[in-house]
Amino acid sequence: MEGTGGSECLTTPLCTDLIAPDSQAVVRVPEPAPRSPGDLVHPPMPTPHEAEKQHTGPEEADQPPSMSSHEVAPPAAASRNPCCLCWCCCCSCSWNEERRRAWRASRESKLQPLPSCEACATPSPEEVRSWAQSFDKLMHSAAGRTVFREFLRTEYSEENMLFWLACEELKAEANQHVVDEKARLIYEDYVSILSPKEVSLDSRVREGINKKMQEPSAHTFDDAQLQIYTLMHRDSYPRFLSSPTYRALLLRGGSQSSNEA
């Protein structure tokens with residue numbers, strides 16, 4: 001640093017020690033504040049445009065600007081899910097709020113006692129034996145339906161009988177307003193995928209029901225009722241005939257016949 005004047009050190013950013021010309025003493029001088037962007041040790045300050053890009057990030061800077069308050073977003077594409085019609089339980093329309101309440105009130109009916117009109121019938125020994133002849137005879141008997149429903153409850157498939165009975169009640173209704181109401185309740189209770197009592201139906205039958213529910217009729221669920229009837233006939237009915245419940249009824253009927261003789 002010998003031979004270097006103080007003026008030269010002032011222009012050097014890192015120069016902090018000066019040597020006085022008339023002595024060898026070292027004088028500590030504070031580092032001068034930068035007077036221009038060239039005097040900065042750190043990188044130069046970014047321009048406003050660069051600062052904005054650094055703040056938003058490269059990904060956000062390349063994105064299109066957000067809409068202003070007077071702009072309106074384009075409407076969302078309509079759902080193509082066939083179950084999301086105005087009558088379906090997965091919609092959020094105000095009309096369906098009452099249907100949801102009715103569905104929540106009926107969701108535990110699976111565990112409620114059997115109707116008195118069905119439970120009060122006492123089958124004769126001949127009637128009990130006729131149930132083994134055909135499934136049709138069992139289903140045409142009020143006492144037979146009651147006993148069979150109790151058996152289905154033990155197999156956790158009581159909803160099949162409940163659905164079949166609801167369809168029979170719907171087909172006997174002539175008032176269109178009542179038909180509309182009952183059809184929607186049947187759909188929510190036994191066809192909707194959100195119901196705990198949903199019955200097993202194939203996609204073809206479900207699609208047909210979804211189309212018919214736009215204008216419900218007393219025969220909206222005919223195909224579904226036949227499919228559930230066939231399911232009970234082929235799957236549950238053979239097990240019912242060999243169940244302890246039916247065997248006990250046969251033994252009771254045999255003992256009554258012997259006592260009468």
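Here the structure is a predicted model, which is why all the values come from computation and not from measurement.

The rules behind the values
- Residues numbered from 1 in each chain as written.
- Predicted model: local features only at pLDDT ≥ 70, side-chain atom pairs only at ≥ 80, totals over all residues.
- Heavy atoms only, no water.
- Phe/Tyr/Trp six-rings, centres within 6.5 Å; stacked < 30°, edge-to-face > 60°.
- Helix = DSSP H or I, 4+ residues; strand = E, 2+ residues; numbered from the N terminus.
- Buried < 20%, exposed > 50% of the residue type's maximum accessible area, 1.4 Å probe, protein only.
- Axes fitted to C-alpha atoms, helices over the stretch in contact; angles between N-to-C directions.
- Contact = heavy atoms within 4.5 Å.
- Nonpolar A, V, L, I, M, F, W, Y, C, P; charged D, E, K, R; others polar.
- Expected span 1.5 Å × (residues − 1).
- Salt bridge = Lys/Arg side-chain N within 4 Å of Asp/Glu carboxyl O.
- Core = buried A, V, L, I, M, F, W, Y, C linked by side-chain atoms within 4.5 Å.
- Arc of directions from axis to C-beta.

### A closer look at the packing of aromatic side chains
What the rule picks out here adds up to 11 aromatic pairs. Ring centres 6.2 Å apart and planes at 85 degrees place the aromatic pair phenylalanine 163 and phenylalanine 221 in the edge-to-face group. In this pair, phenylalanine 163 is assigned in helix H8 (residues 158-171) and phenylalanine 221 in the loop between helix H10 (203-212) and helix H11 (222-241), connecting sequence segments 58 residues apart. Classification of phenylalanine 221 by relative accessible area gives buried; the value is 1%. An aromatic cluster of three or more residues is present, and its members are Trp131, Phe135, Phe148, Phe151, Trp164, Tyr229, Tyr237, Phe240 and Tyr246.

### What to know about the packing of helix H7 (residues 142-154) against H8
With their axes 7 Å apart at the nearest point, H7 and H8 run at an angle of 140 degrees to one another. Counting all contacts with H7, which are made through Arg145, Phe148, Arg149, Leu152 and Arg153, the residues of H8 involved are Glu158, Met161, Leu162, Trp164 and Leu165. Its residues placed into classes, the contact of H7 with H8 shows 6 nonpolar, no polar and 4 charged.

### Quick look at unusual backbone geometry
One non-glycine residue, tyrosine 156, lies in the positive phi region at around 60 degrees. Tracing the sequence through the fold places tyrosine 156 in the loop between H7 and H8. With relative accessibility at 68%, the residue tyrosine 156 sits in the exposed group.

### Considering H8
Look at H8: 20 Å from first C-alpha to last across 14 residues, which is about the 20 Å you get at 1.5 Å a residue. The buried count for H8 comes to 10 of 14 residues, which makes it a mostly enclosed element. Among the residues of H8, those classed as buried are Glu158, Glu159, Asn160, Met161, Leu162, Phe163, Trp164, Ala166, Cys167 and Leu170. Looking at the buried positions of H8, the neighbouring elements they touch are helix H6 (135-139), H7, helix H9 (176-191) and H11.

### Some words on the pattern of salt bridges
All chains considered together, the criterion is met by 11 salt bridges. Its salt-bridge partner being glutamate 168, residue lysine 171 comes within 3.1 Å of it at the nearest N-O pair. With lysine 171 and glutamate 168 both in helix H8 and 3 residues apart, the pair spans about one turn of that helix. The closest approach of N and O atoms between lysine 212 and aspartate 223, which form a salt bridge, is 3.8 Å. Taken together, the positions of lysine 212 in helix H10 and aspartate 223 in helix H11 put the pair 11 residues apart, joining distant regions of the chain. Residue aspartate 223 is classed as partly exposed on the basis of its relative accessible area, which comes to 42%. Within the structure, one salt-bridge network assembled from shared partners comprises Arg149, Arg153 and Glu158.

### Thoughts on the nonpolar core
Among the nonpolar cores identified, the biggest contains 37 residues, and Phe148, Phe163, Ile209 and Phe221 are the most heavily contacted of them. Elements supplying a minimum of two residues to this core: H6, H7, H8, H9, H10, H11 and helix H12 (244-260). Here the element with the most residues in this core is H8; it accounts for 7 residues. Setting aside residues up to four positions removed in sequence, phenylalanine 148 forms contacts with Phe135, Leu138, Met139, Met161, Met232, Ser236, Tyr237 and Phe240.

### Topic: H10
Among all positions in H10, only Val205, Arg206, Ile209 and Asn210 are buried. Seen from one end, H10 has its buried residues packed into an arc of 140 degrees, which puts them on one side. Exposed and oriented more than 90 degrees from the buried face of H10 are Ser203, Arg204 and Lys211. Contacts made by the buried residues of H10 are with H9 and H11.

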